[in-house]
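Read off the chains here:
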Amino acid sequence: MDTSSLETFLSTRVPLFRDFPKTHMAELLAKSHIHTFEPNEPILRFGDVGRFFGVLLEGQIEVSVTDDGGTKHRLGVLDPGDIFGEMELMTGDATVADVTGMSVGSALLIDENAFATVLAVHPPAIRYLSKLVSVRTRQNALSRNNWASSVLRHNDDPYGFKLKSTPPMRLLIINNGSSSLKYNFYDTGDESRNTRGMIERIGEEGTRLVHHFGGGEIVRNLPKGGHAEAFAAMGAQLIAAEGGVLTGPDEITAVGHRVVHGGDKFSTAALVTDEVEQQIETLSVLAPLHNPINLIGIREAKRLFPLAQQVAVFDTSFHQTLPPYAFLYGLPYSYYQDKGIRRYGFHGMSHSYVGLMAAQTLKRPFNELQIVSCHLGNGASACAIDHGRSIDTSMGLTPAEGLIMGTRSGSMDPTIPLHLIRQEGMDVAAVDRLINREGGLKGLSGLSNDMRTIEKAAAEGHHLALLAFKTFCYQLRKTIGAYVAAMGGLDVLTFTGGIGQGSAGVRSLACQGLSYMGIVIDEERNRSARGFSETTIISTADSTVTVLVVPTDEERMIARETMAALDRAHISGLIRKPGQDPVPVEVSAHHVHLSQEHVEALFGFGHTLTHESDLSQPGQFAAKECVSLIGPKGRVDGVRVLGPARSQTQIEIAMTEQFKLGIHPPIRESGDLGGTPGLTLEGPAGKVTIERGVICAHRHIHMSPDDAMRFGLRDKYQVRVKVKSGADRELIFGDVLVRVHPDYRLAMHIDTDEGNAAGIISGAQGYVDEIERRNA
């Protein structure tokens with residue numbers, strides 16, 4: 001079909017394209033292609049991530065699902081002029097059906113970038129697609145709910161670690177250290193071209209390059225030089241005849257840089273601008289050994305790859321979801337507020353990657369799991385991940401806090417340095433050297449910072465080596481137990497890093513005595529685990545907690561975050577265009593949702609909730625009924641019940657009520673009640689005690705599909721919102737969850753504590769400022 005015929009077909013047969021501007025049509029077709037398919041050929045597979053929007057031109061397509069028993073269920077048949085793939089692109093969810101050719105035919109495939117930049121910015125197209133998504137969501141609600149849980153069981157890459165994109169990207173990932181430069185190249189269109197390498201001993205004699213590619217390994221000695229020479233050598237190798245993957249530096253789409261410290265400025269990866277560079281430099285005071293070197297890498301990459309986007313991916317960003325009670329130290333609050341003294345945490349890319357891989361291995365959603373992640377290497381840290389959010393981690397202001405490490409002491413009495421300075425005459429430099437370079441396994445054993453050496457010596461009867469090994473494992477076991485307590489449960493325990501992947505002894509001793517928590521190791525599985533090549537379950541079949549050894553891949557995670565940052569930057573650019581619609585802000589007081597069973601238990605047999613006033617969300621109302629909440633410490637009376645009745649009882653309270661009641665609920669999305677505390681509800685007809693159901697609601701925005709299209713957002717994005725408070729005060733709320741559904745009306749909800757602290761009342765207006773991340 002030639003271009004003229006295609007334009008005619010679209011404008012006459014596809015309602016979406018009626019009155020579509022000709023200039024936009026030409027741009028859209030230039031970014032699309034026609035795919036010819038055969039009978040039974042898969043066009044979209046169950047579990048695929050949405051990559052394109054399709055228009056059927058010729059033939060027929062079947063939409064179906066296959067249950068776990070192998071029985072296929074037809075959901076519908078598409079004819080010429082019908083469209084498909086819009087649900088996945090607009091919601092961000094994986095495909096929950098197979099789309100398969102029934103005959104020879106063809107379809108116009110519009111890639112996701114063209115869909116977002118050309119099609120989804122045309123107002124009539126937005127209205128048509130939004131209405132279609134609303135209709136299909138309602139029509140398919142039951143089948144989507146039935147099959148959506150199967151997506152993780154059938155999708156071999158639910159979290160995008162295969163690094164696929166349309167159009168393909170060529171990514172260079174940089175981990176620049178003081179004396180080494182590690183690099184990884186990823187081609188998102190052809191993974192066989194992926195390569196990696198390292199230049200070691202920068203600035204010293206004996207500098208050399210080691211480059212790994214599909215055909216083997218290249219080792220080349222280099223003259224002594226600095227980072228500029230190291231980057232030049234890397235660039236030359238990437239375009240070399242042997243082992244090279246580029247014809248020139250301009251082929252690189254983006255360079256992703258590992259940056260150790262992002263402070264509380266960066267909750268996600270960021271495109272590098274002059275302002276971002278300045279902020280990284282300012283944060284060097286918190287990471288003087290790392291951030292300056294990371295900046296050198298950014299500046300060298302800008303010089304070497306001038307056309308590429310530079311992206312900073314921060315080690316600390318994953319931990320920006322820590323609540324204040326987890327990140328604050330016992331110092332005057334002004335030290336945090338004015339000087340930034342708080343827990344930041346590190347190894348964020350590793351903990352995030354390992355957590356997602358654990359979810360993928362278990363075929364369960366990441367945001368439904370409670371995970372303790374142990375990254376154990378020369379640097380070591382643990383992290384508590386509660387329903388997709390880091391809520392605590394062992395490293396602190398710097399990477400020196402927490403677990404015992406290779407040469408770092410880990411946590412200790414903070415007056416020890418003062419004692420050494422006052423009583424032993426050590427200066428600050430000597431104390432710094434002791435804590436960071438002479439402590440840890442190396443200092444305790446007197447032998448080495450390498451756990452392999454220590455275990456070998458311990459087996460031969462070396463007393464201090466044995467003591468170092470036992471101390472390391474004890475501190476780890478204690479931390480695991482603390483994080484289980486912090487989350488109120490555990491689904492998965494993971495080990496990664498050089499020690500975590502390589503030492504069966506450490507894994508075994510760290511888990512001994514934790515069977516009462518549901519952690520039981522299968523020692524044979526543990527000993528035979530190939531920790532550096534594959535994810536392995538090492539727990540017993542009857543262990544209620546799954547224990548995994550997961551090879552970490554921080555470089556792949558940085559590449560994934562680099563791709564996400566490019567996508568976010570594009571959409572954020574659209575969001576910030578002049579004339580953006582405001583989001584109404586509503587302050588939600590504490591309230592209760594009751595199941596019908598509990599309505600009757602509290603208000604009498606056969607009782608139904610009595611409507612008092614409508615709420616902003618269609619179909620929801622404030623009821624006349626109120627209840628009292630009774631906790632271990634006290635009670636809160638007169639809490640409004642919202643209707644209609646739900647399938648399960650849920651109580652939403654703010655921090656003030658938490659203190660009054662004496663309970664500690666987590667921050668959760670509505671309906672996500674696993675591992676939450678319970679309390680007693682009291683009504684005029686009786687009391688009900690629930691074992692779970694109390695949450696502190698994740699601040700959120702409700703949107704219809706039409707709203708989401710206008711804002712360029714998808715369900716479960718997390719965004720930043722600017723809100724006016726008073727005449728001249730503007731506040732930014734981060735970590736705001738976007739929820740999209742046809743029944744929602746546009747509104748952002750914050751709780752009363754947040755509203756009171758910010759001086760915001762219902763009726764204020766917010767503006768979506770930036771996309772932070774998309775929840776897994």
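Residues numbered from 1 in each chain as written. Predicted model: local features only at pLDDT ≥ 70, side-chain atom pairs only at ≥ 80, totals over all residues. Heavy atoms only, no water.

Bringing the packing of helix α16 (residues 451-459) against helix α17 (residues 463-487) into the picture now. Following both chains from N to C, one finds α16 and α17 inclined at 120°, their axes separated by 8 Å at the closest point. By the angle class used here, α16 and α17 are oblique. Pair α16 / α17 crosses with left-handed handedness. Residues M451, I454, E455, A457 and A458 of α16 lie in contact with α17, whose contacting residues are A465, L466, F469 and F472. Residue composition of the contact of α16 with α17, by class: eight nonpolar, no polar and one charged. (Axes fitted to C-alpha atoms, helices over the stretch in contact; angles between N-to-C directions. Helix = DSSP H or I, 4+ residues; strand = E, 2+ residues; numbered from the N terminus. Parallel < 35°, antiparallel > 145°, perpendicular 65-115°, else oblique. Left-handed = near helix turned anticlockwise from the far one by under 90°. Contact = heavy atoms within 4.5 Å. Nonpolar A, V, L, I, M, F, W, Y, C, P; charged D, E, K, R; others polar.)

The next point concerns the side chain of R507. Looking at the element boundaries, R507 is found in helix α19 (residues 504-511). The buried charged residue R507 lacks any salt bridge, with E523 as its nearest oppositely charged partner at 8.1 Å. Separated by 2.7 Å, the side chains of R507 and N526 make a polar contact. If we skip the residues at most four places from it in the chain, R507 touches F495, G500, Q501, G502, N526, A529, I538 and V549. (Buried < 20%, exposed > 50% of the residue type's maximum accessible area, 1.4 Å probe, protein only. Lys, Arg positive; Asp, Glu negative; His and termini not counted. Salt bridge = Lys/Arg side-chain N within 4 Å of Asp/Glu carboxyl O. Polar contact = N/O pair within 3.5 Å; in protein donor to acceptor, adjacent residues only side chain to side chain.)

On to the pattern of salt bridges, then. Using the criterion set out here, one finds 36 salt bridges in the structure. Of the charged contacts in the structure, one is a salt bridge between R170 and E251, with a shortest N-O distance of 2.3 Å. In this pair, R170 sits in strand β9 (residues 170-176) while E251 sits in the loop between α7 (227-238) and β14 (254-259), placing the two residues 81 residues apart along the sequence. Relative accessible area serves as the criterion here: at 22%, E251 is assigned to the partly exposed category. With a shortest N-O distance of 2.4 Å, R208 and E200 are connected by a salt bridge.

Pairing between strand β4 (residues 61-66) and strand β5 (residues 72-78): six bridges, direction antiparallel. Paired with I61 across the two strands is L78, which belongs to β5. What sits between the antiparallel neighbours β4 and β5 is a turn of five residues, in which G70 has the positive phi angle 95°. (Pairing = 2+ DSSP bridges.)

Following the sequence through the fold, P632 ends up in the loop between β26 (621-630) and β27 (635-646). P632 gets classed as exposed once you look at its relative accessible area, which sits at 70%. Apart from the residues lying within four places of it in its own chain, the contact partners of P632 are L661, G662 and I663.

Counted according to the given criterion, the structure contains six aromatic pairs. Each ring, one from F17 and one from F20, has its centre 5.6 Å from the other, and the planes form 80°; the classification is edge-to-face. Taken together, a centroid distance of 5.3 Å and an interplanar angle of 50° make the contact between F327 and Y336 tilted. Y336 carries the same exposure label as F327, and that label is buried. Members of the aromatic cluster, joined through ring pairs, are F327, Y333 and Y336. Between R560 and the ring centre of F161, over which it is positioned, the NZ or CZ distance is 5.2 Å. Across from the ring centre of F659, 3.2 Å away, lies the NZ or CZ of K633, which sits over that ring. (Phe/Tyr/Trp six-rings, centres within 6.5 Å; stacked < 30°, edge-to-face > 60°. Lys NZ or Arg CZ within 6 Å of the ring centre and 35° of its normal.)

As a further point, take helix α9 (residues 291-304). Since the α-helix turns once every 3.6 residues, residues separated by three or four places project in the same direction. For α9, with 14 residues, the first-to-last C-alpha span of 20 Å sits near the 20 Å given by 1.5 Å per residue. Buried within α9 are the following residues: N291, I293, N294, L295, G297, I298, E300, A301 and L304. Next to the buried residues of α9 lie β9, α7, β14, α8 (274-282) and β16 (309-314). (Expected span 1.5 Å × (residues − 1).)

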